Amino acid sequence: MNKNEKYVITINRELGSGGRTVGLKLAEKLGVQFYDKAVVKAIEEKYNLNVEEIEKLKGKKHNWWSDLKRVVSVGGGIMGAPYYSVSEGEVTVKTTTDEMFKTETQILKGIAEEESCVLAGRSGFFVFRDHPNHLSILIQASMESRIKRLMGKQNLSEEEARKTINKVDEMRENYVNRYTGTSRYDTRNYDIVLRADGKTEDELVDIIMQYIG
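Draft legend 1. Focus on the packing of helix α5 (residues 98-114) against helix α8 (residues 158-180). At a minimum axis distance of 12 Å, the contact between α5 and α8 shows a crossing angle of 80 degrees. When the axis of α5 is compared with that of α8, the two are roughly perpendicular. Facing α5, whose interface residues are D98, F101 and E104, α8 presents Y175, R178 and Y179.

Draft legend 2. The arrangement of the environment of A27 in detail. Here A27 is to be found in helix α1 (residues 19-30). Sequence separation between A27 and V205 is 178 residues; the distance between their C-alpha atoms is 9.5 Å. Ignoring anything within four residues of it in the chain, the contact list for A27 reads V32, Q33, F34 and V118.

Draft legend 3. View of the pattern of salt bridges. The full count for this structure, using the stated rule, is nine salt bridges. Between D206 and K29 there is a salt bridge, with the nearest N and O atoms lying 3.3 Å from each other. Of this pair, D206 sits in helix α9 (residues 201-212) while K29 is found in helix α1, placing the two residues 177 residues apart along the sequence. Taking relative accessible area as the criterion, D206 reaches 33% and is therefore assigned partly exposed. Notably, a salt bridge pairs D169 with R146, separated by 2.7 Å at the nearest N-O pair. Here D169 is found in helix α8, whereas its partner R146 is found in helix α7 (residues 143-154), with 23 residues between them in sequence. Summarising the burial analysis for this pair, D169 and R146 share the class buried. Within this structure, E14, R146 and D169 form a network of salt bridges that share partners.

About the cut-offs
- Residues numbered from 1 in each chain as written.
- Predicted model: local features only at pLDDT ≥ 70, side-chain atom pairs only at ≥ 80, totals over all residues.
- Heavy atoms only, no water.
- Axes fitted to C-alpha atoms, helices over the stretch in contact; angles between N-to-C directions.
- Helix = DSSP H or I, 4+ residues; strand = E, 2+ residues; numbered from the N terminus.
- Parallel < 35°, antiparallel > 145°, perpendicular 65-115°, else oblique.
- Contact = heavy atoms within 4.5 Å.
- Salt bridge = Lys/Arg side-chain N within 4 Å of Asp/Glu carboxyl O.
- Buried < 20%, exposed > 50% of the residue type's maximum accessible area, 1.4 Å probe, protein only.

Coordinates in, geometry out; function isn't part of it.
So this is what it looks like as structure tokens:
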């Protein structure tokens, strides 16, 4: 990846691995914006975007994303919104339709056309597989480590945390398989695969920065 040209870094991560925090810290260190599924979803819903509407925006102005970004709270409250909700150990997952996937893909591509960025999401490795300046990362952790982290973050019991992780893992794998025809665990989809156990988020960011050079 060439830092001197417009680039996109995509991060796939297991729930409880700390991958989202790594993405945020990496973006901050690189001086670029961080986007995740919640941001893209909020933008899509706020402006009732679909593939047809995005094509109209593109037709009117080349820098449609820059214009839209100016009126969107990027970096604000919507950044932290999860794409699933947890209540008493039960995980509720928001569904994605084929049309929504196409719309979100167009939004992601629009972001990458306008600026260098770090994107966290289940299908980023696939969406940007042909991008000329793309770095794809997978961050994993042991189940024990993931459970411990989720218990602390979501104030869940061990049983609730395990149930949530299993449910989200299944949801994300099914999503990736449906829309990309591959597995999110297939390491051939990534340039870097990192195991988070025994490392802080800052240490993981340092490893990635060393790889980038």
